[in-house]
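These are the residues of each chain, in order.
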Amino acid sequence: MDADPRFTLSTGLLMTKFSDLFKGSCLAVLLASAVPVWAQDSNSIIFVQPVEPQGLDPTVSSPVAAGQVTWQNVFEGLVAIDRDGRVVPQLAKSWTISDDGLTYSFDLRDDVEFQNGVHFDATTAKFTLDRILSEASTNGQKANYTAISDVKAVGVTTLVLTLSDRNADLLYWLGYPAAVMVEPSTVDSNGTDPVGTGPFKVTEWRKGDRVLMSAWDGYWGDAPAIASLTARFINDPQAQAAALKAGQVDIAGNLNAPELFDQFTDDPAYTAVVGAGEMEVIAGMNNARPPFDDQRVRQALMMAVDRPSLVAAVSSGYGTAIGSHFSPASPFYQDLTEEFSYNPEKAKALLAEAGYPNGFSFDFKVPNRSYAQRSAEILQAFFAQIGVTANIQSSDFPAAWIQDVFKDTNYDMTIIGHSEPLDIGIYARDPYYFNYDSSDFRAKMDKVATATSEAEREAGYRQAQEVLAQDLPALFLFSYPKLGVWKAGIEGVWENGPVPANDMTDVHWVK
Amino acid sequence: MTRLLTLFRGLLVTAAVLLAASLVIFLLIDAAPGDPAEIMLGTSAQADTLAALRHELGLDLPLFSRYLSWLGGVFVGDFGQSYTYGVAVGELIGDRLTVTLPLTVMATALAVAVSLPLGVVAAARPGRAEDNLASLFAQIGIAVPNFWIGLLLIVTFSLNLKWFPPGGFPGWEAGFNAALGSLILPSIALALPQAAVLTRVTRAAVIEVTNEDFVRTARAKGLTKRRALWRHTVPNALLPVVTMLGLQIPFLISGAVLVENVFNLPGIGSLAYQALSQRDLIVVQNVVLLFVAIVLVVNAGTDALYARLDPRLRARK
Amino acid sequence: MNRLPKSLFIGGFITAAMVCTAILSRFWTPADPTGMNILQRLKPPGPAGLLGTDQIGRDVLSIIMSGAWTSLGIAVVATVIGGAIGIGIGVMAAAKGGSVERLVMALNGVLFAFPPILSAILLGALLGPGGLTSMVAIGVFMIPVFARVSRAAAIQIWARDYVKAARMAGKNDVLITLEHIFPNISAQIIVQLAIQTGLAILSEAGLSFLGMGVSPPTPSWGRMLAESQTYLASAPHLVLAPGLAIAIAVLGLNLLGDGLRDLTDPRRRQNT
């Protein structure tokens with residue numbers, strides 16, 4: 001083989017190109033380090049959203065993440081839920097409820113336009129609600145609206161709902177992201193190009209990275225203080241904290257990692273607030289499967305767990321031990337942590353009474369998410385103290401977990417965070433993954449639904465919590481706080497999280 | 001004529017392999033537990049809502065017709081619609097390629113820029129300090145996991161020195177420097193194992209060529225050692241290096257999945273990973289098929305190059 | 001062969017040390033690798049532990065030691081799976097030749113075209129995360145490498161005169177393969193086994209890093225790294241130890257492989 005002149009030539013070319021490239025990248029390094037990558041603009045806000053929504057329309061499929069970007073910012077409802085968890089008027093100025101609780105009539109605003117110029121009226125509102133209730137509906141929260149049997153538009157500004165049963169929670173759910181008002185001609189494109197009645201309009205969605213929004217000048221209410229709003233998707237808590245430190249983002253409404261929170265609490269450049277969050281971490285059990293069908297076994301397992309230590313280890317002490325399904329963020333929260341608090345000796349005795357003097361072993365199906373795996377490891381150690389062996393099996397989350405645990409209920413015990421507000425009713429559902437069947441609990445939930453006064457409704461919720469604290473269909477562990485961090489100089493961010501959302505409509509920079 | 005026939009047969013084999021791969025991918029993904037509709041709707045959904053969504057996504061069709069409709073679409077360039085993002089898969093992949101392509105190109109360029117000189121210098125003085133240093137670099141580079149290098153780079157250059165952003169991608173719209181700046185650390189992490197492999201290959205190839213007759217002849221004709229090296233030896237040693245670049249593509253892609261994960265980059269590797277965990281089956285199918293196609297084409301390309309340029313290989317056939 | 005290759009010595013030493021650590025961890029570690037102590041969490045190297053403690057107060061050194069068992073165990077089993085099938089395929093293809101060879105190698109090509117980590121994640125989604133999944137996923141995608149290497153090596157042996165003669169004499173392929181092919185390609189295979197075991201350790205770490213590896217509390221270097229991501233700023237010791245463990249283990253196996261190659265292939269040795 002001899003040297004091929006053509007080959008030599010082309011290689012020479014190759015070499016120069018490579019060296020040029022290398023020079024180029026060195027230059028880029030210098031440039032990148034000289035010019036700050038982050039520029040601050042007092043007219044704009046960038047907030048962190050951990051999970052990228054699958055579509056931007058909160059009324060179809062993925063309810064939570066879509067709402068976290070667009071609820072209130074882009075889309076609005078008949079009513080809204082404010083930062084204290086209360087229902088307040090929005091596109092409906094006021095409403096009346098008949099004495100039997102079966103007829104709701106809303107008086108709608110007549111000065112509202114959608115971002116495409118179409119006027120909002122009772123017909124659009126009827127369309128929105130009918131769409132949620134329709135056969136072909138893909139609204140994940142449909143169950144919360146099925147009490148509505150008829151929707152009528154009376155004139156231009158009156159909407160009348162007829163209910164088949166009393167439902168004291170309906171108003172709340174009408175304020176939830178899943179029931180925001182949509183314009184009929186845009187329903188097919190709202191997922192990628194949402195059109196709402198809110199103060200911000202989506203201008204661009206860079207998939208995998210961010211959604212850009214800008215103030216819309218046709219908004220019916222007060223114009224927002226900022227001109228541009230951006231949601232950045234950063235899943236990894238470390239990256240969230242780093243992006244905050246680097247100034248790339250302005251607000252993290254809920255920093256997912258408590259262990260990273262401390263660095264902001266004593267830094268004057270940031271405001272760091274521990275607010276009440278809605279997520280309850282619970283270890284659900286298959287109540288239909290022995291030995292978990294025995295209430296005494298469930299109580300014994302609860303007494304085996306030192307919840308304050310668990311909070312210390314899993315979330316650096318940020319978080320609150322809970323004794324039932326509501327978190328302290330709920331207006332109806334009842335502290336029941338004294339029931340079945342940590343007492344391994346009593347737990348062992350109770351276990352023996354239930355017929356397991358030597359304990360037992362079971363499969364613990366744990367989502368492959370950090371908080372769940374860490375909690376599971378600690379629970380495993382606590383259970384071991386009373387002779388119970390938990391065999392941890394990682395479950396691919398969400399896909400395999402939903403299939404295996406949630407749908408097929410092929411599990412003994414699992415662990416998961418429930419983040420929807422007012423969701424205690426899941427224990428009355430049949431089927432649901434706990435396979436929990438209690439007529440006592442259902443009676444309490446009926447009481448809530450048919451409550452004729454707010455006090456009655458609250459009493460029902462409190463009693464429901466008490467039933468669960470005794471029955472323990474799941475081990476109630478702790479609730480995650482909402483760890484908010486934002487740059488000093490920003491005001492108006494929600495401190496508590498009664499609804500999973502990033503309502504940025506009041507956010508502004510203080511000069 | 002025979003060459004054309006060989007080319008045709010090669011194309012046919014590649015197409016057949018691709019077809020087989022598409023079936024494997026489809027069946028594998030379909031058999032995995034998890035229902036996309038269920039994941040999209042969350043845990044509060046009712047059975048009728050689920051059924052409605054499944055119908056809308058076409059998930060209620062039989063297995064084989066879903067496969068055929070996907071494959072039929074791919075043939076005419078329609079890759080389907082992402083379940084979760086609700087946009088065309090082709091567009092989605094195109095979006096993500098604007099991150100992954102520059103990332104992998106930068107990593108490869110960096111790897112070549114480091115390994116070529118290093119390998120040549122090591123080969124020029126076997127057994128000496130330079131050679132030992134190159135060997136050490138190669139051994140360590142192959143052994144360290146690239147996601148760990150990524151973490152160390154973040155600790156050093158982002159958290160402590162604050163030279164580069166710790167992750168994320170601002171988009172090319174945010175300006176060339178900002179976008180490039182966020183790809184520098186990831187490309188270094190991705191380049192290191194590549195550079196290590198290429199250093200070894202370059203060194204071995206250069207040594208092999210040095211011992212060939214034509215280089216000895218050139219030296220005998222009075223060419224200096226240095227000139228002989230760069231004029232004759234290196235160009236002819238590049239063949240195995242290029243081949244190795246081709247063979248490394250699957251590892252480059254694998255590395256990108258991990259590195260994009262560490263640096264939170266919206267690239268195609270993280271798209272594949274996220275789509276899989278969300279069971280956005282149509283996206284996973286297409287992305288994996290794309291990867292397989294890239295690997296096959298590159299392999300076929302390097303094979304062809306090899307066959308053309310290396311007469312020994314032609315003789316054996 | 002008067003002087004042993006240096007890499008053989010160093011690689012052998014590291015690998016032996018790793019194997020010993022893995023075995024030792026079954027009987028003794030400085031502390032219980034699953035024993036948590038919440039008061040002692042995130043302590044840097046010092047009195048709380050030679051390598052510090054992790055986010056729930058476990059001794060990092062003990063976890064690293066037990067992690068060696070996990071890592072090595074999965075890597076070895078995966079390599080055995082991939083090796084056994086791959087070598088079988090490769091040797092058979094070399095013996096049969098013709099259309100059988102083409103078909104087998106084409107199927108092999110299909111497998112080879114899948115990027116390893118991605119395919120392992122796919123299999124992980126199918127089988128669920130866990131040790132067994134890791135072994136199978138990593139092993140399956142090693143098949144093509146072993147098939148190629150052993151086929152190439154076997155073809156060379158088949159071309160030798162005495163093998164041709166044996167075939168002419170009517171000996172069947174299986175017998176020839178056992179008697180002549182295997183003994184002559186074993187050196188190359190052993191080298192590959194060492195190198196692929198190293199790669200398997202890297203793959204296992206990657207899978208665990210993505211949450212598709214062994215379930216906790218079984219210690220895993222990859223999962224340790226994934227967990228450490230949260231503590232990059234506050235507890236960097238959690239990042240260093242597992243990464244170094246992986247790197248050293250893989251380095252040892254690679255050096256061992258290289259050393260073995262130098263030892264058995266004098267032509268290459270000349271070049272070194």
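Residues numbered from 1 in each chain as written. Chains lettered and ligands numbered in written order. Predicted model: local features only at pLDDT ≥ 70, side-chain atom pairs only at ≥ 80, totals over all residues.

Draft legend 1. Molecular detail of the overall build of chain C. What chain C contains, in helices and strands, is eleven helices and zero strands. Listing the helices and strands of chain C from first to last along the sequence gives α-α-α-α-α-α-α-α-α-α-α. Relative to its 272 residues, chain C shows a buried fraction of 56%. Nonlocal contacts in chain C, meaning residues at least 24 apart in sequence, comprise 70% of its contacts between residues at least 6 apart. (Helix = DSSP H or I, 4+ residues; strand = E, 2+ residues; numbered from the N terminus. Buried ≥ 20, exposed ≤ 12 C-beta atoms within 10 Å, placed from the backbone. Contact = placed C-beta atoms within 7 Å.)

Draft legend 2. Geometry of helix 6 (residues 129–143) of chain B. Relative to the 21 Å expected for 15 residues at 1.5 Å per residue, helix 6 of chain B spans 21 Å between its end C-alpha atoms, a close match to the ideal helical length. Buried residues belonging to helix 6 of chain B abut helix 5 (89–124) and helix 8 (176–210) of chain B together with helix 10 (237–264) of chain C. (Expected span 1.5 Å × (residues − 1).)

Draft legend 3. Fine view of the environment of Met40 of chain B. Residues and elements named next belong to chain B. You can see Met40 is positioned in helix 2 (residues 36–41). Judged by the 25 C-beta atoms lying within 10 Å of it, Met40 falls in the buried class. When the C-alpha atoms of Met40 and Leu50 are compared, they prove to be 9.3 Å apart, with ten residues separating the residues in sequence.

Draft legend 4. Layout of the sheet that holds strand 1 (residues 44–49) of chain A. Residues and elements named next belong to chain A. Here seven strands make up an open sheet; going across it, the order is 8-9-10-1-11-20-12 and the pairing mixed. Looking at which strands have only one partner, the edges of the open sheet turn out to be strand 8 (200–206) and strand 12 (270–275). Two strands pair when backbone bridges link them, and strand 8 and strand 9 (residues 210–215) are joined in this way by six bridges, in the antiparallel orientation. Across the sheet, residue Lys201 finds its bridge partner in strand 9, namely Ser214. (Pairing = 2+ DSSP bridges.)

Draft legend 5. Representation of the interface of chain A and chain B within the structure. Residue-level contacts link 56 residues of chain A with 56 residues of chain B. Mapped by element, the contributors of at least two residues to the side of chain A that touches chain B are helix 1 (5–34), helix 2 (63–70), helix 5 (237–245) and helix 11 (399–407) of chain A. Looking at which element gives the most residues to the side of chain A that touches chain B, the answer is helix 1 of chain A, with twelve residues. Tallied by class, residues from the side of chain A that touches chain B come to 26 nonpolar, 19 polar and eleven charged. (Nonpolar A, V, L, I, M, F, W, Y, C, P; charged D, E, K, R; others polar.)

Draft legend 6. Summary view of the interface of chain A and chain C. The partner chain C presents 21 residues to the 26 residues of chain A that form the contact. Listed by contribution, the elements that provide at least two residues to the side of chain A that touches chain C are helix 5, helix 8 (307–315), helix 10 (370–385), strand 16 (389–395) and helix 11 of chain A. The leading source of residues in the side of chain A that touches chain C is helix 10 of chain A, at eight residues. Residue composition of the side of chain A that touches chain C, grouped by class: eleven nonpolar, ten polar and five charged.

Draft legend 7. Geometry of the packing of helix 12 (residues 268–277) of chain B against helix 4 (residues 116–127) of chain C. In contact at an axis separation of 11 Å, helix 12 of chain B and helix 4 of chain C are set at 5 degrees when each is read in the N-to-C sense. Looking at the two axes, helix 12 of chain B sits roughly parallel to helix 4 of chain C. Side by side, helix 12 of chain B and helix 4 of chain C meet where Ala272, Tyr273 and Leu276 of chain B of the first sit next to Leu118, Ile121, Leu122 and Ala125 of chain C of the second. Of the residues assigned to the contact of helix 12 of chain B with helix 4 of chain C, the class counts are seven nonpolar, no polar and no charged. (Axes fitted to C-alpha atoms, helices over the stretch in contact; angles between N-to-C directions. Parallel < 35°, antiparallel > 145°, perpendicular 65-115°, else oblique.)

Draft legend 8. Molecular detail of helix 9 (residues 344–353) of chain A. Residues and elements named next belong to chain A. Within helix 9 the residues assigned to the buried category are Ala347, Lys348, Leu350 and Leu351. Buried positions in helix 9, seen along its axis, are confined to an arc of 165 degrees and lie on one side of it. Next to the buried residues of helix 9 lie helix 7 (295–303). Immediately downstream of helix 9, the backbone of Gly355 shows phi near 100 degrees, a positive value. (Arc of directions from axis to C-beta.)

Draft legend 9. The arrangement of the confidence of the model for chain B in detail. All names here are of chain B. Confidence in the prediction for chain B averages 85 pLDDT; 96% of positions are at 70 or higher. Across chain B, the secondary-structure element scoring lowest on mean pLDDT is helix 14 (residues 311–316), at 48, and the one scoring highest is helix 5, at 92. Segment residues 313–317: pLDDT under 50, and three contacts once partners within four positions in sequence are set aside and those in other chains are kept. (pLDDT = per-residue confidence, 0-100.)

Draft legend 10. Layout of the domain arrangement of chain B. Residues and elements named next belong to chain B. In terms of domain boundaries, chain B breaks down into domain 1 (14–75) and domain 2 (99–316). Between domain 1 and domain 2, the C-alpha centre-to-centre distance is 35 Å. Contact with domain 1, which involves 14 residues of that partner, is made by 13 residues of domain 2. The greatest single-element share of the side of domain 1 that touches domain 2, amounting to nine residues, is contributed by helix 1 (residues 2–31). (Domains from an automatic or database assignment.)

Draft legend 11. Just unusual backbone geometry, in detail. Cis geometry is found at the peptide bond from Asp430 of chain A to Pro431 of chain A, where omega equals 5 degrees. Its place among the elements puts Pro431 of chain A in the loop between strand 18 (416–418) and helix 12 (439–449). A positive phi angle, close to 50 degrees, is found at Leu472 of chain A, a residue other than glycine. Relative to the assigned elements, Leu472 of chain A resides in the loop between helix 13 (454–471) and strand 19 (474–479). What makes Leu472 of chain A buried here is the crowd of 26 C-beta atoms within 10 Å. In this structure, Arg279 of chain B is a non-glycine residue whose phi angle is positive, near 55 degrees.

Draft legend 12. Here's a closer look at the nonpolar core. Among the nonpolar cores identified, the biggest contains 253 residues, and Leu475 of chain A, Ala272 of chain B together with Leu118, Ile121 and Ile246 of chain C are the most heavily contacted of them. Here this core gathers at least three residues from each of two domains, domain 1 (14–75) and domain 2 (99–316) of chain B. By size, the runner-up hydrophobic cluster in this structure holds 77 residues, among which are Ala80, Val182, Ala239 and Leu260 of chain A. (Core = buried A, V, L, I, M, F, W, Y, C linked by C-beta atoms within 7 Å.)

Draft legend 13. Structural detail: the sheet that holds strand 19 of chain A. Residues and elements named next belong to chain A. Pairing within the open sheet is antiparallel, and its four strands lie in the order 14-19-13-18. The open sheet is flanked by strand 14 (320–321) and strand 18, the only strands paired with a single partner. Packing against the sheet, helix 8 makes contact with strand 14 and strand 19, and its axis sits at approximately 55 degrees to strand 19.

Draft legend 14. Structural view of the pairing of strand 8 of chain A. Counting buried positions along strand 8 of chain A gives five out of seven residues, so the element sits mostly inside the fold. As consecutive antiparallel partners, strand 8 of chain A and strand 9 of chain A are separated by three residues, and within that stretch Gly208 of chain A has a phi angle of approximately 85 degrees, a positive value.

Draft legend 15. Inspection of the confidence of the model for chain C at higher detail. Residues and elements named next belong to chain C. Chain-level pLDDT for chain C is 87 on average; 96% of the residues reach the 70-or-more range. Here helix 11 (residues 266–271) stands out as the least confident element of chain C, with mean pLDDT 50; helix 2 (residues 60–96) is the most confident, with 94. Taken together, the chains of this predicted complex give a pTM of 0.84 and an interface ipTM of 0.88.

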